[in-house]
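Below are the chains, spelled out letter by letter.
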Amino acid sequence: MTGRSRRSVGRAAATVLAAVLTLTACTVDGTAVREGRSVGTDTGHVDTDRFEKLLAECEVLPAAKIAQVIGGTTASPNFFGANCRWVVMPQQVDVTFNWFEWGDYNLEKETAQRLGFTTENIAIQSQSAFTQRDPKRPHVCGVTAKATAGGVLTWWVEPEGGQAGDPCVAPTKLMELILTSAY
């Protein structure tokens, strides 16, 4: 490299460094507020008494039915929120359910594929659905379907140890039960 090109590279590096330092030192005056709100009106407190069925989606199937489908004796809820989770005993199987009311079926499938999961199109009670499996965890399966009321539903079944048989049977059966309300 010639002396002239070294100086050019050096000047370019100095310019980039100066720009980075300038941008990291920027501050903005004011208070962060959600769009459409005024300063001081957001307390962060949500009055859950106003939402009678806040976690109703977590009760879409009785825990006893979940345990029966998985082949266990009990299904204990361990988290109800954006995702609903149970642990089925005695064989320690983690079960997760979510319903994204405004979810997009195609986006869910594209996301699974981007994550490296294999997907297979299936139909459950005439509803479009697909299985998703992580090649690194062959004993785990998720089933996503279009919800009849809109959005997408997903069941994941993940045994702690590998289990014999097709891992997609249980999440497919759980999906079938909620799509038909046959529980």
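Bear in mind that the values here come from a model prediction, so they are computed numbers and not experimental data.

The next subject is helix H4 (residues 169–180). With twelve residues, H4 should reach 16 Å at 1.5 Å per residue; the first-to-last C-alpha distance of 16 Å fits that figure. Looking at H4, one finds that the buried residues are Ala-170, Pro-171, Leu-174, Met-175, Leu-177, Ile-178 and Leu-179. Buried positions along H4 lie against helix H2 (63–70), strand S3 (93–100), strand S4 (118–124), strand S5 (127–133), strand S6 (141–146) and strand S7 (152–159). With its phi angle positive at about 55°, Ser-181 sits one or two positions after the end of H4.

Moving on, we come to the state of the cysteines. Counted under the stated rule, the structure contains two disulfides. A sulfur-sulfur separation of 2.0 Å characterises the disulfide bridge that pairs Cys-58 with Cys-84. Residues Cys-58 and Cys-84 are joined through a disulfide that is left-handed, its torsion about the S-S bond being -75°. Of the two residues, Cys-58 is situated in the loop between helix H1 (3–24) and H2 and Cys-84 in strand S2 (residues 84–89); the sequence distance between them amounts to 26 residues. Taken as a pair, Cys-58 and Cys-84 share a single burial class, namely buried.

With 68% of its residues at a pLDDT of 70 or more, the chain shows a mean pLDDT of 81. No element of the chain has a lower mean pLDDT than H1, at 55, and none a higher one than helix H3 (residues 105–114), at 97.

Mapped onto the elements of the fold, Thr-131 is located in strand S5. Relative accessible area serves as the criterion here: at 7%, Thr-131 is assigned to the buried category. Non-local contacts of Thr-131, meaning those with residues more than four positions away in its chain, are made with Thr-118, Thr-119, Glu-120, Ile-122, Cys-141, Gly-142, Val-143 and Cys-168.

Hydrogen bonds between backbone atoms are what pair the strands of a sheet, whose relative direction is either parallel or antiparallel. Taken together, the seven strands give an open sheet; going across it, the order is S1-S2-S3-S7-S6-S5-S4, and neighbouring strands pair in antiparallel fashion. The sheet is open, and its two edges are formed by strand S1 (74–80) and S4, each paired on a single side. Strand-to-strand twist of the sheet, defined as the mean angle between neighbouring strand axes without regard to direction, takes the value 20°. In terms of strand pairing, S3 meets S7 through eight bridges, oriented antiparallel.

The next point concerns the packing of aromatic side chains. For the structure on display, the rule yields four aromatic pairs. The rings of Trp-86, Phe-97 and Trp-155 are connected pair by pair, giving a single aromatic cluster. Across the ring face of Tyr-105, the terminal group of Lys-146 is positioned such that the distance to the ring centre comes to 5.2 Å.

Turning to the pairing of S3, a few remarks are in order. Summarising the sheet, S2 and S3 pair through five bridges and their orientation is antiparallel. Across the sheet, the residue bridging to Val-87 is Asp-94, located in S3. Here S2 hands over to S3 after three residues, with Gln-92 in that stretch at a positive phi of 55°.

All told, the structure shown has three salt bridges when counted by the stated rule. The shortest N-O distance in the salt bridge between Arg-137 and Asp-134 comes to 3.5 Å. Residue classification places Arg-137 among the partly exposed positions, given a relative accessible area of 29%. Here Lys-173 and Glu-176 are joined by a salt bridge, their closest N and O atoms 3.6 Å apart. Within this pair, Lys-173 and its partner Glu-176 are both found in helix H4, separated by three residues, close to a single helical turn. The exposure class of Glu-176 is partly exposed, given its relative accessible area of 29%. Counted as one network, the salt bridges with shared partners bring together Asp-134, Arg-137 and Glu-158.

What counts, and where the lines are drawn
Residues numbered from 1 in each chain as written. Predicted model: local features only at pLDDT ≥ 70, side-chain atom pairs only at ≥ 80, totals over all residues. Heavy atoms only, no water. Helix = DSSP H or I, 4+ residues; strand = E, 2+ residues; numbered from the N terminus. Expected span 1.5 Å × (residues − 1). Buried < 20%, exposed > 50% of the residue type's maximum accessible area, 1.4 Å probe, protein only. Contact = heavy atoms within 4.5 Å. Disulfide = S-S within 2.5 Å. pLDDT = per-residue confidence, 0-100. Pairing = 2+ DSSP bridges. Axes fitted to C-alpha atoms, helices over the stretch in contact; angles between N-to-C directions. Phe/Tyr/Trp six-rings, centres within 6.5 Å; stacked < 30°, edge-to-face > 60°. Lys NZ or Arg CZ within 6 Å of the ring centre and 35° of its normal. Salt bridge = Lys/Arg side-chain N within 4 Å of Asp/Glu carboxyl O.

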